[in-house]
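Secondary and tertiary structure notes
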Amino acid sequence: MKKNLISVVILALLIVNIVLTAIMMFSVTSASKKTAALVDSISMALNLELASGEGGEAAVSMADTETYSFAESMTIPLKKSEGDEKDHYCIISVTLSINTKADVYKKYGSDLSMQEGLIKDEINSVFAQYTMEEARDNQDAIKKEILSRIQKMFDSNEYIYNVSFGDIMFG
């Protein structure tokens, strides 16, 4: 008799356990679906932000990219540091990434030799605002500033979408 009574109690506890587990699964599943929907909407917003970039630049495939590199390295005078009377310079080679699908591309193409002097002037004026230490530490900010000035020059955020520095030396 005691064995049957214990078996009945165990069976009742198993049934209660199954019912509570089912209730918990339904409540967790609905909350999980809401959380997944929230994560999806946040990731969609982040993808839109990443695609538009900080400067409004869109992702351009390598097949639609041409580059323009200045033939010679640029020697740019930098702002003097406080307490330092020495002249400091930056020697840099610059490459511009061009979107061949941009509307302005039909007008200018990938040969920017006619505008090279204007572009170099913008690069010089941006670098001239920085001391040697600041220029060394803030290369990304300098690239963004140069890019925004060049984009303003061409009235297009799509035509030239990236500025790259190669062989940068400070002295």
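A look at the pattern of salt bridges
- Summed over the entire model, instances satisfying the criterion amount to four salt bridges.
- The partner of arginine 149 in a salt bridge is glutamate 145, with the nearest N and O atoms 2.9 Å apart. With arginine 149 and glutamate 145 both in helix H5 (residues 139–154) and four residues apart, the pair spans about one turn of that helix.
- Relative accessible area serves as the criterion here: at 23%, arginine 149 is assigned to the partly exposed category.
- Look at the salt bridges and you will find they share partners, linking Glu122, Glu145 and Arg149 into a network.

As for the packing of helix H3 (residues 116–127) against H5
- Relative orientation of the contacting elements H3 and H5 amounts to 145 degrees, with a least axis distance of 10 Å. Between H3 and H5 the crossing geometry is right-handed. Packed against H3, whose contacting residues are Leu118, Ile119, Glu122, Ile123, Ser125, Val126 and Phe127, the element H5 presents Ile142, Glu145, Ile146, Arg149, Ile150, Met153 and Phe154 at the interface.
- By residue class, the composition of the contact of H3 with H5 is ten nonpolar, one polar and three charged.

Section: unusual backbone geometry
- The phi dihedral of aspartate 155 is positive, around 55 degrees, even though this residue is not glycine.
- Positive phi, normally seen in glycine, also occurs at aspartate 167, with a value near 50 degrees.
- Within the fold, aspartate 167 resides in strand E4 (residues 160–170).

Let's talk about the packing of aromatic side chains
- What the rule picks out here adds up to five aromatic pairs.
- For the ring pair tyrosine 108 and tyrosine 159, a centre distance of 5.8 Å and an interplane angle of 35 degrees mean the geometry is tilted. Placement of tyrosine 108 in helix H2 (residues 105–108) and of tyrosine 159 in the loop between H5 and E4 is noted, with a sequence separation of 51 residues between them.
- Members of the aromatic cluster, each reached through a chain of ring pairs, are Tyr108, Phe154 and Tyr159.

Quick word on the side chain of glutamine 151
- Positionally, glutamine 151 belongs in helix H5.
- Of note is the side chain of glutamine 151, whose polar atom sits 3.0 Å from the backbone oxygen of isoleucine 160.

Details of the environment of glutamate 133
- In this fold, glutamate 133 is placed in helix H4 (residues 132–137).
- Residue glutamate 133 is classed as partly exposed on the basis of its relative accessible area, which comes to 38%.
- Separated by 55 residues in the primary sequence, glutamate 133 and leucine 78 have C-alpha atoms spaced 9.8 Å apart.
- There is a polar contact of 3.0 Å between the side chain of glutamate 133 and the side chain of serine 81.

Re the pairing of strand E3 (residues 89–99)
- Judged by how many residues are buried, E3 sits mostly within the fold: eight of eleven residues are covered.
- Relative to E3, strand E1 (residues 65–69) runs antiparallel, the two being bridged by five bridges. Counted as the bridge partner of serine 69 is threonine 95 from E3.
- Across four bridges, strand E2 (residues 74–77) lies against E3 in antiparallel orientation.

So, how was this worked out
Residues numbered from 1 in each chain as written. Predicted model: local features only at pLDDT ≥ 70, side-chain atom pairs only at ≥ 80, totals over all residues. Heavy atoms only, no water. Salt bridge = Lys/Arg side-chain N within 4 Å of Asp/Glu carboxyl O. Helix = DSSP H or I, 4+ residues; strand = E, 2+ residues; numbered from the N terminus. Buried < 20%, exposed > 50% of the residue type's maximum accessible area, 1.4 Å probe, protein only. Axes fitted to C-alpha atoms, helices over the stretch in contact; angles between N-to-C directions. Left-handed = near helix turned anticlockwise from the far one by under 90°. Contact = heavy atoms within 4.5 Å. Nonpolar A, V, L, I, M, F, W, Y, C, P; charged D, E, K, R; others polar. Phe/Tyr/Trp six-rings, centres within 6.5 Å; stacked < 30°, edge-to-face > 60°. Polar contact = N/O pair within 3.5 Å; in protein donor to acceptor, adjacent residues only side chain to side chain. Pairing = 2+ DSSP bridges.

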